[in-house]
Amino acid sequence: MKSVRITAPEVNEWVEIDTPTAGPADVLLKIKACGICGSDAFYTHNGGIPPRIGATPLGHEPAAEVVEVGADVTGLKVGDHVVIDTMAFTDGLLGSGGAQGALSEYVVVLDAQPGRQLRVIPEHVPWEVAALNEPMAVAYHAVNRTDPAPGDKVVVFGAGPIGLGAVLGYRRRGASHIVVVDIIPSRLDKALQIGADAVINSAEEDLAARLIELHGDGASAFNRGARSGTDIFLDAAGAPSIPPTAAGLAKHDATLGIVAVHKRPVELDFGSILASELNLVWSMGYPTEIFEVTDDIIENWEKYALIISDRLPFDRALEALELAKTPGAADKVVVTF
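Everything quoted here is computed from the prediction, not taken from an experiment.

**Q** Account for the overall build of the protein, with residues named and values stated.
**A** Helix and strand content of the protein: eleven helices and 16 strands. In terms of overall size, the protein behaves like a compact globule, its C-alpha atoms giving a radius of gyration of 21 Å where 337 residues would be expected to give roughly 20 Å. Structurally, the protein occupies a C-alpha span of about 65 × 40 × 30 Å along its principal axes. Counting the 337 residues in the protein, one finds 53% classified as buried. Counted over contacts in the protein with a minimum sequence separation of 6, partners at least 24 positions apart contribute 66%. On the protein, the mean spot of the 26 positive side-chain charges and the mean spot of the 45 negative ones are 2 Å from each other.

Below you can see the structure in the form of C-alpha cells.
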C-alpha cells in the first residue's frame, strides 16, 4: 500500500509498504480522512522523530472505517465508522513517532480495546469532519485547563483551528461571552460563523479599549490602567506579544492559558503581574478529552465543518503537507481517501 513518510530533513515521500494484517486481538482500519497538523511540518523539518529519523510515518488526525475485526475483539464490527486515540496505540504514537501513520491506506490497531483506541460514530458525520476529533480534543483540553465557570467572559487569541475549536469548547462549558482576536479578516468572519460573540482585528482596533467596551472595566486599586473584565484569556496563536499583552490587560484573578507553540522565548514582567494574581496555565495534548469532544462534534458537525479550509484527495497528500505549512495559504487542510 501507499504511505507518506519523512525520508530526510525537509523531505516527504511516497513509500510502498506491506498492507498490515489483523490478528485475533486486532482491528484493521481503512483510513477515510486525515488532517494535516502544524507538527507534521516540524517533524519534516527535523527529518523525523527519534528513533525513526529518516523513516517516520506521518498522519495523526484520522477518521476510519473498520474493515476487519479480530476474533477476540468485541464491541466493533466491519463497517463501523470510528475516530481514533492516536496516543493509545501499543506500537507507538500513530503518526507521531510510532510504527504507523494515518497518511496511509490502512492502519492496524493492535490489542484493540473499544473505548480506548477507537470510538464508533454515526455515519452521518462526514469523514473530514470526523478527522477533526484529534485537534478538537487538543482545543478542548486547553478549555478544560483554564477551568471556565458558567457565565465567564473569554478572549481567544488566534482564529486558527485550535482557537476556533476552543470557541466551541468554551460555549459547551457555558461561557457567557466569547471574543476572538486575530489580524486576518477571513478568520474573524469564520469565528463569528462558528459562534463567537464578537471579534477584534488587533491590527486595526485598540484591543484594550474594545475589550473594556465588551467585557467591562476590570481595573482596581491594585490593578490600575486599562484592565478588562475578561475572566479567561487563551493564547492559541503563538505570537510573542500575546502573553504580555494579555497579562497587562488582566483583572485580578483572571486566567491566561497557553496552548499555542511559542518558537521564541517570551518575556513577562512578573513584578507587574504579581498584584493581579494572574493564573497562568499550560496545555498540551488531550489526557482525557479525545472522546469527550466527540459528542459535541456529532451534535454540531456543521459548525465544526466550517473549520476546514481545504480538502485534498489522498493522491495529493504531499501537496497537502506543503499547503498546510505555507503561511497564509490555508487554515485547516484535510486529506480525504
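**Q** Can you break down the pairing of strand β16 (residues 333-336) residue by residue, with the values?
**A** Summarising the sheet, strand β3 (residues 27-35) and β16 pair through three bridges and their orientation is antiparallel. Bridge assignment links alanine 33 to a residue of β16, and that residue is threonine 336. Bridge count between strand β15 (residues 310-313) and β16: four bridges; the pairing is parallel. Across the sheet, residue aspartate 310 finds its bridge partner in β16, namely valine 333. Crossover connection from β15 via helix α11 (residues 317-325) to parallel β16: handedness right-handed.

**Q** Give me the lowdown on the sheet that holds strand β2 (residues 11-16), citing residues and values where you can.
**A** Sheet strands pair via backbone hydrogen bonds, and the direction of the pair is either parallel or antiparallel. Strand order across the open sheet formed by three strands is β2-β1-β4, with antiparallel pairing between neighbours. Either end of the sheet is taken by a strand with one partner, and the two such strands are β2 and β4 (56-57). Of the strand pairs in this sheet, strand β1 (residues 2-8) and β2 are connected by six bridges, and their pairing is antiparallel. Following the sheet pairing, arginine 5 is matched in β2 by glutamate 13. On the sheet, α11 packs against β1 and β2 and is oriented at approximately 160° with respect to β2.

**Q** Give a description of the sheet that holds strand β12 (residues 232-235) that names residues and reports values.
**A** Strand order across the open sheet formed by six strands is β11-β10-β9-β12-β13-β14, with parallel pairing between neighbours. Both edges of this open sheet fall to β11 (198-201) and β14 (279-282), since each of them pairs with a single strand only. Pairwise comparison of adjacent strand axes, ignoring direction, gives a mean angle of 20° for this sheet. Pairing geometry for strand β9 (residues 153-157) and strand β10 (residues 177-182), over five bridges, is parallel. Looking across to β10, one finds that valine 154 is bridged to isoleucine 178. Contacting β10 and β11, helix α5 (residues 185-194) crosses the sheet at an angle of about 170° to β11.

Rules used throughout
Residues numbered from 1 in each chain as written. Predicted model: local features only at pLDDT ≥ 70, side-chain atom pairs only at ≥ 80, totals over all residues. Heavy atoms only, no water. Helix = DSSP H or I, 4+ residues; strand = E, 2+ residues; numbered from the N terminus. Rg over C-alpha atoms; globule rule 2.2 N^0.38 Å. Buried < 20%, exposed > 50% of the residue type's maximum accessible area, 1.4 Å probe, protein only. Contact = heavy atoms within 4.5 Å. Lys, Arg positive; Asp, Glu negative; His and termini not counted. Charge placed at Lys NZ, Arg CZ, Asp CG, Glu CD. Pairing = 2+ DSSP bridges. Right-handed = clockwise from strand over helix to strand, strands pointing away. Axes fitted to C-alpha atoms, helices over the stretch in contact; angles between N-to-C directions.

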